[in-house]
Amino acid sequence: MQKVFGYPKSLRNILTHYCAGCGHGIAHRLIAEVVDELGIREKVIGVAPVGCAVIAYDYWDFDCSEAAHGRALAVATAIKRVRPQNIVFTYQGDGDLAAIGTNETIHAANRGENVTVIFINNAIYGMTGGQLAPTTLLGQKTATTPAGREAKFHGYPLKISEMLALLPAVKYVERAALSSPQEIINAKKAVKLAFQNQIDNLGFSLVEILSPCPTYWGMSPKKALEWMRDVMVKEFPLGRIK
Ligand SMILES: Cc1ncc(C[n+]2csc(CCOP(=O)(O)OP(=O)(O)O)c2C)c(N)n1
Ligand code: SF4
């Protein structure tokens, strides 16, 4: 019988620590599938973030490093410059990439480092208890904005992808979502292109992936998918930005 579906070699078959309905596990799998399909498992080096994905390296079956909060792109820059033959990517949440790591993110992008960035935007700090993130939506209730985010006090949701797309050294930016099977297929295509660009030496590529956090959105997994589709994508429109 022809085999039509299998477990990615780059993903370990172990129990997940993520909450029910969390998007991190889906995003991990997409990366594992892409690494397998591109045949780069022996060359790839992932840089894991802080946040709920801090132990992403427990799930991926290829080489990984860890980085302190927000420093993933500094670590990735160093690895890629010392070992240009490797394929280097960072996997970062919005707190990691767009708050504490804003400096590293902007300057690595501005230098056009030939690395791949997978940016998981769940509009909240997951690991530390659901505080406001730069990407939290206006009106969204979090542990630190119990009455909802207000522009006057907390600023507007930060659109990192649109900001980075303005930089001349940035090659590719796309926003995808894990809100439906079709969107997950689109997200995988974007992740694959972001890795292929690095293989082709084209420079900095970033894929932002909107990802559900049912736990700190205070929603069921099903409602979280609906909220992404009906509300979140209006603030963060999907598609290729650059
Ligand atoms: C330098 C530093 N400051 C603060 C923290 C605490 N901390 C750990 S995870 C986290 C938030 C992570 O949120 P995000 O990046 O959005 O990832 P998520 O958990 O939502 O996937 C914070 C503030 C830390 N680990 N290191
Ligand atoms: S807290 Fe949110 S981001 Fe963290 S594992 Fe749970 S659902 Fe995922």
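Residues numbered from 1 in each chain as written. Chains lettered and ligands numbered in written order. Predicted model: local features only at pLDDT ≥ 70, side-chain atom pairs only at ≥ 80, totals over all residues. Heavy atoms only, no water.

(A) Spatial organisation of the overall build of the protein chain. Secondary structure assignment for the protein chain yields 10 helices and seven strands. Expected size for 242 residues packed as a compact globule is a radius of gyration near 18 Å; at 17 Å, the protein chain falls within 12% of this value. With respect to the three principal axes, the spread of C-alpha positions in the protein chain is 50 × 50 × 30 Å. With 242 residues in all, the protein chain has 51% of them scored as buried. Considering only contacts in the protein chain between residues 6 or more positions apart, those separated by 24 or more positions represent 68%. Accessible surface for the protein chain amounts to roughly 10900 Å². Of this, 58% is attributable to carbon and sulfur atoms. Side-chain charges of the protein chain comprise 26 positive and 21 negative groups, with the mean position of each set lying 3 Å from the other. (Helix = DSSP H or I, 4+ residues; strand = E, 2+ residues; numbered from the N terminus. Rg over C-alpha atoms; globule rule 2.2 N^0.38 Å. Buried < 20%, exposed > 50% of the residue type's maximum accessible area, 1.4 Å probe, protein only. Contact = heavy atoms within 4.5 Å. Areas by Shrake-Rupley, 256 points an atom, 1.4 Å probe, with all protein chains shown as cover. Lys, Arg positive; Asp, Glu negative; His and termini not counted. Charge placed at Lys NZ, Arg CZ, Asp CG, Glu CD.)

(B) Summary view of the site of ligand 1. Neighbouring ligand 1 are 16 residues, the closest being His 24, Cys 52, Asp 96, Gly 126 and Met 127. A distance of 2.8 Å separates an oxygen atom of ligand 1 from a polar side-chain atom of His 24. Interatomic distance of 3.1 Å between a backbone N/O atom of Ile 124 and an oxygen atom of ligand 1. In isolation ligand 1 offers 600 Å² of accessible surface; the protein chains occlude 74% of this area. Among the elements that take part in the shell around ligand 1, helix H4 (residues 94-100) stands out by supplying four residues, more than any other. Of the residues belonging to the shell around ligand 1, the class tally is six nonpolar, eight polar and two charged. (Near = heavy atom within 4 Å. Polar contact = N/O pair within 3.5 Å; in protein donor to acceptor, adjacent residues only side chain to side chain. Nonpolar A, V, L, I, M, F, W, Y, C, P; charged D, E, K, R; others polar.)

(C) The site of ligand 2, seen in detail. The local shell around ligand 2 consists of Tyr 18, Cys 19, Cys 22, His 24, Cys 52, Asn 122, Cys 213, Pro 214, Thr 215 and Tyr 216. Per-element tally for the shell around ligand 2: the top contributor is helix H9 (residues 214-217), with three residues.

(D) Structural context of the sheet that holds strand S1 (residues 44-48). Reading across the sheet, the seven strands line up as S2-S1-S3-S4-S6-S5-S7 and stay open at both edges, with mixed pairing between neighbours. Both edges of this open sheet fall to strand S2 (63-66) and strand S7 (239-240), since each of them pairs with a single strand only. In this sheet, strand S3 (residues 87-93) lies alongside S1 in parallel orientation, the contact comprising four bridges. The partner of Gly 46 across the bridge, within S3, is Phe 89. Of the strands in this sheet, S1, S3 and strand S4 (116-121) touch helix H1 (residues 24-38), which is tilted by about 170 degrees from S3. (Pairing = 2+ DSSP bridges. Axes fitted to C-alpha atoms, helices over the stretch in contact; angles between N-to-C directions.)

(E) Expanded view of the packing of H1 against helix H8 (residues 181-199). Close contact between H1 and H8 brings their axes to 9 Å; oriented N to C, the two are set at 50 degrees. Considering their axes alone, H1 and H8 lie oblique with respect to each other. Crossing angle aside, the handedness with which H1 passes H8 is right-handed. On the side of H1, the interface is formed by Ile 26, Leu 30, Ile 31, Glu 33, Val 34, Glu 37 and Leu 38, while H8 contributes Ile 184, Ala 187, Lys 188, Val 191, Lys 192, Phe 195, Gln 196 and Ile 199. Tallied by class, residues from the contact of H1 with H8 come to 10 nonpolar, one polar and four charged. (Parallel < 35°, antiparallel > 145°, perpendicular 65-115°, else oblique. Left-handed = near helix turned anticlockwise from the far one by under 90°.)

(F) Molecular detail of the pairing of S4. With six of six residues buried, S4 lies mostly within the body of the structure. Judged by which residues are buried, S4 turns out to be covered on both faces: Thr 116, Ile 118 and Ile 120 on one side and Val 117, Phe 119 and Asn 121 on the other are all buried. Alignment of S4 against strand S6 (residues 204-210), held across six bridges, turns out to be parallel. Bridge assignment links Phe 119 to a residue of S6, and that residue is Glu 208.

From the geometry alone we can't say anything about function, so treat these as descriptive.
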